[in-house]
Amino acid sequence: MSVDDRTKLTSGGASAGRARQLAALIERDISTGRLSAGSWLKQVDLEAQYGASRLDIRQALDRLEEKGFVKLETNRGYRVEEFDSARFRNVVSIRAILEVAAAEEVMKHIDDAGLARLDHQAGRFAEAVASGTVVQQEETNRAFHSVMLEFCPNRDLVAMIFDLRSRVPVTLTREKNTATLLAQTARDHYDIVERLRQRDKPGLTAVVRRHVLAGLEII
């Protein structure tokens, strides 16, 4: 845990707020593999690692159990959940429904300046696929979707989409992202921009659905 993360955590206000921050930090460490699947999480170790109180740790772990990242075993404690391919398929299928709905809202509200920004982000991702690092590919991919979803006025819908996106471990994505899949993702980004520009709702629905469901290829 970085000094900056520790500062943000300890400078929080109410306990509920600190627990949310802490849950996000632990979730990130699970996603990136710092806390490996199947490992047991000792609360005393987490207190020291994250500089948090026992109450905040417990509340954070309860939040992560609700999201499916950890599981509470009776008389044993919390364990990082193993990857569940069936559950992952469910998450991706739900994402496809939500992202299609969000894209339809985006089409109603995005303007020429927004389309130009989105096209720029599609280019940045394509460049990262061609010659960038894995981290740059992840960052530019997220940036593309972040810019696109700025134009969806239903912020609860947007929050649900990003929550579902976070439930796929980064380590799994990095392991399974092939050059072919990354190249197709880059083409999809440009296709999404063009469908939005043409106000082609059926075409947009088809490409967004295909784009999201392509994630099923990593399992």
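Let me sum up the structure you'll find in this document. (Residues numbered from 1 in each chain as written. Predicted model: local features only at pLDDT ≥ 70, side-chain atom pairs only at ≥ 80, totals over all residues. Heavy atoms only, no water.)

Observations regarding empty space enclosed by the protein
Then, in step 1: Under the definition given, this model contains one cavity of 30 Å³ or more.
Then, in step 2: Looking at the largest cavity, its volume works out to about 60 Å³.
Then, in step 3: Around the largest cavity, the lining residues are Glu 99, Ala 102, Ala 103, His 145, Met 148, Leu 149, Ile 192, Val 208 and His 211.
Then, in step 4: Elements with a minimum of two residues in the lining of the largest cavity: α5 (85-109), α7 (134-149) and α11 (201-213).
Then, in step 5: Class assignment of the residues belonging to the lining of the largest cavity gives a composition of six nonpolar, two polar and one charged. (1 Å grid on protein atoms, 1.4 Å probe; cavity = no way out; pocket = protein on both sides within 12 Å on 5 of 7 lines; lining within 4 Å. Points joined across faces, edges and corners; volume = space filled by probe spheres on them. Helix = DSSP H or I, 4+ residues; strand = E, 2+ residues; numbered from the N terminus. Nonpolar A, V, L, I, M, F, W, Y, C, P; charged D, E, K, R; others polar.)

Focus on the layout of surface pockets
Then, in step 1: Volume-wise, the largest pocket comes out at about 1200 Å³.
Then, in step 2: What lines the largest pocket is a set of 35 residues, and nearest its centre among them are Glu 138, Asn 141, Arg 165, Val 168 and Thr 173.
Then, in step 3: Of all the elements in the fold, those that place two or more residues in the lining of the largest pocket are α2 (15-31), α5, α7, α8 (155-165), α9 (170-176), α10 (179-197) and α11.
Then, in step 4: Considering each element in turn, the lining of the largest pocket owes the most residues, eight residues, to α7.
Then, in step 5: When its residues are assigned to classes, the lining of the largest pocket shows 13 nonpolar, eleven polar and eleven charged.
Then, in step 6: There is about 350 Å³ of room inside the second largest pocket.
Then, in step 7: Taken together, 20 residues line the second largest pocket, and the ones lying closest to its centre are Glu 81, Glu 82, Phe 83, Arg 167 and Pro 169.
Then, in step 8: Every element with two or more residues in the lining of the second largest pocket is listed here: α5 and α9.
Then, in step 9: It is α5 that contributes the most residues to the lining of the second largest pocket, three residues altogether.
Then, in step 10: Residue composition of the lining of the second largest pocket, grouped by class: ten nonpolar, four polar and six charged.

Let's talk about the sheet that holds strand β1 (residues 40-41)
Then, in step 1: Within the open sheet, the three strands sit side by side as β1-β3-β2. Their pairing is antiparallel. Looking at strand neighbours, the two that pair on one side only are β1 and β2 (70-73), the edges of this open sheet.
Then, in step 2: Sheet topology note: the β1/strand β3 (residues 77-80) ladder contains two bridges and is antiparallel. Bridge pairing in β3 links Trp 40 to Arg 79.
Then, in step 3: Here helix α4 (residues 54-67) sits on the sheet in contact with β1, β2 and β3, set at roughly 110 degrees to β2. (Pairing = 2+ DSSP bridges. Contact = heavy atoms within 4.5 Å. Axes fitted to C-alpha atoms, helices over the stretch in contact; angles between N-to-C directions.)

Topic: the environment of Gly 203
Then, in step 1: Tracing the sequence through the fold places Gly 203 in helix α11.
Then, in step 2: When the C-alpha atoms of Gly 203 and Phe 144 are compared, they prove to be 19 Å apart, with 59 residues separating the residues in sequence.

So, the packing of helix α3 (residues 43-50) against α4
Then, in step 1: The contact between α3 and α4 brings their axes to 9 Å, and the two run at 105 degrees. Regarding the angle of α3 to α4, the classification is roughly perpendicular. In this structure, α3 contributes Gln 43, Leu 46 and Glu 47 to the contact, and α4 contributes Arg 54, Ile 57, Arg 58 and Leu 61.
Then, in step 2: Per-class residue counts for the contact of α3 with α4 are three nonpolar, one polar and three charged. (Parallel < 35°, antiparallel > 145°, perpendicular 65-115°, else oblique.)

What about α11?
Then, in step 1: Counted at 1.5 Å a residue, the expected span for α11 with its 13 residues is 18 Å, and the 18 Å between its end C-alpha atoms agrees.
Then, in step 2: Considered for burial, the residues of α11 that qualify are Gly 203, Leu 204, Val 207, Val 208, His 211 and Val 212. Summarising the axial view, the buried residues of α11 lie within an arc of 150 degrees, below the 170-degree limit, and thus occupy one face.
Then, in step 3: In this structure, the buried side of α11 is in contact with α5, α7 and α10.
Then, in step 4: In this structure Asp 200 caps α11, since a side-chain oxygen of it lies 2.9 Å from the backbone nitrogen of Gly 203. (Expected span 1.5 Å × (residues − 1). Buried < 20%, exposed > 50% of the residue type's maximum accessible area, 1.4 Å probe, protein only. Arc of directions from axis to C-beta. Polar contact = N/O pair within 3.5 Å; in protein donor to acceptor, adjacent residues only side chain to side chain.)

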